[in-house]
Amino acid sequence: MASIENGFQQLNEKSLVDYIKSTPSLSSVLGDSDNLDIKEVGDGNLNFVYIVTSSSSSLVIKQALPYIRCIGESWPMTKERAYFEATTLKEHGRLCPEHVPEVYHFDHPMSLIGMRYLAPPHIILRKGLIAGVEYPLLAEHMAEYISKTLFYTSLLYTTTTEHKRAVAEFCGNVELCRLTEQVVFSDPYKVSQYNRWTSPQLDHDAEAVREDNDLKLEIAQLKSMFCERAQALIHGDLHTGSVMVTQDSTQVIDPEFSFYGPMGFDIGAYLGNLILAYFAQDGHATEGNDRKAYKKWILKTIEETWNFFYKKFIALWDENKDGSGEAYLLQIYNNPDVWQQVQTKYMRDLFHDSLGFGAAKMIRRIVGVAHVEDFESIVDAGKRADCERKALNLAKMLLKQRRKFVSIDEVISAILQADP
Ligand code: ADP
Ligand code: SR1
Ligand code: MG
């Protein structure tokens with residue numbers, strides 16, 4: 001058994017049994033904890049995840065170790081990330097319980113979370129997108145999650161006193177933010193030992209990213225916004241691997257990168273990953289299924305997600321305009337014209353931020369350290385590179401020209417143009 005240091009012990013499928021038996025908040029969920037079945041299933045980049053099943057129930061245990069799992073012990077990473085993940089699961093769960101799994105237990109010294117097991121047919125959305133499965137409620141559900149979590153944690157709803165308290169608390173998640181600063185906003189734009197790409201096919205494309213001065217100016221602005229703009233409690237890693245789905249359920253997991261940051265970072269991460277899924281489809285096409293209809297569905301989902309989000313966010317803002325939010329005081333903006341102008345400008349800026357961050361998240365997944373299964377599962381390197389290049393070129397254009405876009409329809413047209 002591993003040694004216990006400062007109350008921390010790395011658990012495994014065996015030692016977890018005793019841990020659960022001696023933890024009432026877990027054993028009570030499981031009922032009979034005499035014959036537990038425990039399997040480690042973590043396929044994410046950072047942590048260990050166990051599914052625990054008893055004769056009558058089940059739950060998930062997630063433990064953070066003091067390094068990044070997909071790299072190894074050579075890249076140390078604070079296990080305090082589990083605290084921020086648990087805190088945000090609870091806070092986002094309070095604001096949007098229908099789309100966040102319940103937390104049963106958090107053990108701070110052990111960096112360990114016990115939460116609801118999202119049982120099959122729940123699967124990771126990214127895997128569903130690779131398999132070509134349509135989810136009719138996905139756009140509505142994700143818009144609901146994004147609008148509620150962002151609106152209610154922003155100054156449109158909270159007082160500056162509460163906002164500043166929460167911002168200060170989440171400043172503690174500095175190491176995870178620093179990781180994002182490095183792998184999203186810095187490494188892809190310079191030579192780094194961690195960068196990789198489909199080589200030799202994309203060698204020139206990767207070099208072009210490192211030599212594009214316009215791109216460097218834009219990424220600097222986005223990095224500055226990521227570091228400096230404490231707009232709302234964002235998930236911080238809202239890619240399609242952080243969403244689990246069935247035909248009628250959508251659940252957001254894994255907010256260990258959460259902090260008070262720019263709203264567009266979450267919206268962009270999600271939409272950018274849907275765009276990556278779109279460009280990967282040609283690599284998954286077979287004789288029997290050219291994926292054309294599925295590509296249309298992804299585009300419709302991108303469009304609906306933004307449009308639903310827009311409506312829901314504005315509705316929350318209108319409903320709460322005379323509440324305690326301190327950003328736009330009713331005494332100043334209580335005139336229908338100025339109110340509408342304020343909202344239009346806010347949403348336009350947010351749209352542009354989302355396009356910029358979404359593009360940055362696409363670029364890092366093609367020439368940075370952590371790639372996505374959408375492309376990685378395309379075995380033929382030539383085919384994969386063709387898909388990746390189209391996505392990369394669109395992302396570079398979006399990043400540089402995002403302010404020219406006025407509607408999501410124009411973004412869809414640009415995607416179609418990049419995929420002749
Ligand atoms: P990491 O922090 O390492 O990225 P994730 O939170 O993404 O870890 O979880 C890794 C995997 O574990 C997910 O891809 C999913 O398959 C599984 N998983 C995580 N949480 C749950 C849950 N609550 N219910 C079912 N499976 C889960
Ligand atoms: C080493 S970078 C690992 C990545 O995985 C997480 O999901 C985050 O996206 C992070 O950037
Ligand atoms: Mg993850």
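The structure reproduced in this document is the subject of the present report.

### A short note on the pairing of strand 7 (residues 112–115)
Okay, so step 1: Burial of strand 7 is two-sided: the residues Leu 112 and Gly 114 facing one way and the residues Ile 113 and Met 115 facing the other way are all buried.
Okay, so step 2: Two strands pair when backbone bridges link them, and strand 3 (residues 58–63) and strand 7 are joined in this way by four bridges, in the antiparallel orientation. Residue pairing across strands places Ile 61 opposite Gly 114, the latter belonging to strand 7.
Okay, so step 3: Bridge analysis of strand 6 (residues 103–107) against strand 7 gives four bridges, and the strand direction is antiparallel. Among the inter-strand pairings, Asp 107 is bridged to a residue of strand 7, identified as Leu 112.

### Focus: the packing of aromatic side chains
Okay, so step 1: This structure, assessed with the given rule, holds 28 aromatic pairs.
Okay, so step 2: Taken together, a centroid distance of 5.4 Å and an interplanar angle of 45° make the contact between Trp 306 and Phe 309 tilted. Of the two residues, Trp 306 and Phe 309 are both situated in helix 11 (residues 292–319); the distance of three residues between them amounts to about one turn of the helix. When sorted by exposure, Trp 306 lands in the same class as Phe 309, which is buried.
Okay, so step 3: Directly above the ring of Phe 48 sits Arg 69, whose terminal nitrogen or CZ lies 3.9 Å from the centroid.
Okay, so step 4: Across from the ring centre of Tyr 278, 5.0 Å away, lies the NZ or CZ of Lys 295, which sits over that ring.

### Quick word on helix 9 (residues 213–228)
Okay, so step 1: The end-to-end C-alpha distance of helix 9 is 22 Å, a good match for the 22 Å that 16 residues give at a rise of 1.5 Å each.
Okay, so step 2: For helix 9, the complete set of buried residues consists of Leu 215, Glu 218, Ile 219, Leu 222, Met 225 and Phe 226. Projected onto a plane normal to the axis of helix 9, the buried residues spread over an arc of 115° and lie on a single side. What points out from helix 9, more than 90 degrees from its buried face, is the exposed set Asn 213, Leu 217 and Glu 228.
Okay, so step 3: Against the buried residues of helix 9 lie helix 7 (174–186), helix 8 (203–210), strand 12 (259–261), helix 10 (263–284), helix 13 (336–367) and helix 15 (381–401).
Okay, so step 4: The N-terminus of helix 9 is capped by Asp 212, whose side-chain oxygen sits 3.2 Å from the backbone nitrogen of Asp 214.

### Concerning the side chain of His 284
Okay, so step 1: Within the element layout of this structure, His 284 appears in helix 10.
Okay, so step 2: Since its relative accessible area comes to 12%, His 284 is described here as buried.
Okay, so step 3: Within the structure, the side chain of His 284 is placed 3.0 Å from the backbone oxygen of Asp 374, a separation counted as a polar contact.
Okay, so step 4: If near-sequence neighbours (up to four positions away) are discounted, His 284 is found in contact with Ile 130, Arg 291, Asp 374, Ser 377 and Ile 378.

### Quick look at the site of ligand 1
Okay, so step 1: Taken together, the neighbourhood of ligand 1 is formed by 17 residues, with Asp 43, Asn 47, Lys 62, Leu 118 and Glu 256 sitting nearest.
Okay, so step 2: Between an oxygen atom of ligand 1 and a side-chain N or O atom of Asn 47, the distance comes to 2.6 Å.
Okay, so step 3: In the environment of ligand 1, a nitrogen atom lies 2.9 Å from a nitrogen or oxygen atom belonging to the backbone of Leu 118.

### A short note on the environment of Val 100
Okay, so step 1: In this fold, Val 100 is placed in the loop between helix 3 (81–95) and strand 6.
Okay, so step 2: Along the sequence, Val 100 and Arg 116 sit 16 residues apart, while their C-alpha atoms lie 9.3 Å from each other.
Okay, so step 3: The residues contacting Val 100, other than those within four sequence positions of it, are Leu 89, His 92, Gly 93, Tyr 145, Gln 251 and Val 252.

### Digging into the site of ligand 2
Okay, so step 1: Lining the immediate environment of ligand 2, one finds Asn 45, Leu 46, Val 183, Asp 237, His 239, Phe 257, Arg 364, Arg 365 and Val 369.
Okay, so step 2: Take Asp 237: an N or O atom from its side chain is 2.6 Å from an oxygen atom of ligand 2.
Okay, so step 3: Within the side chain of Arg 365, one N or O atom sits 3.3 Å away from an oxygen atom of ligand 2.
Okay, so step 4: A breakdown of the residues in the shell around ligand 2 according to their chemical character gives four nonpolar, two polar and three charged.

### With respect to the side chain of Asp 266
Okay, so step 1: Its location among the elements puts Asp 266 in helix 10.
Okay, so step 2: Within the structure, the side chain of Asp 266 is placed 3.0 Å from the backbone nitrogen of Gly 236, a separation counted as a polar contact.
Okay, so step 3: Asp 266 has contacts with Leu 150, Ile 234, His 235, Gly 236, Asp 237 and Leu 238, leaving out every residue within four places of it along the chain.

Scoring rules and cut-offs
Residues numbered from 1 in each chain as written. Chains lettered and ligands numbered in written order. Predicted model: local features only at pLDDT ≥ 70, side-chain atom pairs only at ≥ 80, totals over all residues. Heavy atoms only, no water. Buried < 20%, exposed > 50% of the residue type's maximum accessible area, 1.4 Å probe, protein only. Helix = DSSP H or I, 4+ residues; strand = E, 2+ residues; numbered from the N terminus. Pairing = 2+ DSSP bridges. Phe/Tyr/Trp six-rings, centres within 6.5 Å; stacked < 30°, edge-to-face > 60°. Lys NZ or Arg CZ within 6 Å of the ring centre and 35° of its normal. Expected span 1.5 Å × (residues − 1). Arc of directions from axis to C-beta. Contact = heavy atoms within 4.5 Å. Polar contact = N/O pair within 3.5 Å; in protein donor to acceptor, adjacent residues only side chain to side chain. Near = heavy atom within 4 Å. Nonpolar A, V, L, I, M, F, W, Y, C, P; charged D, E, K, R; others polar.

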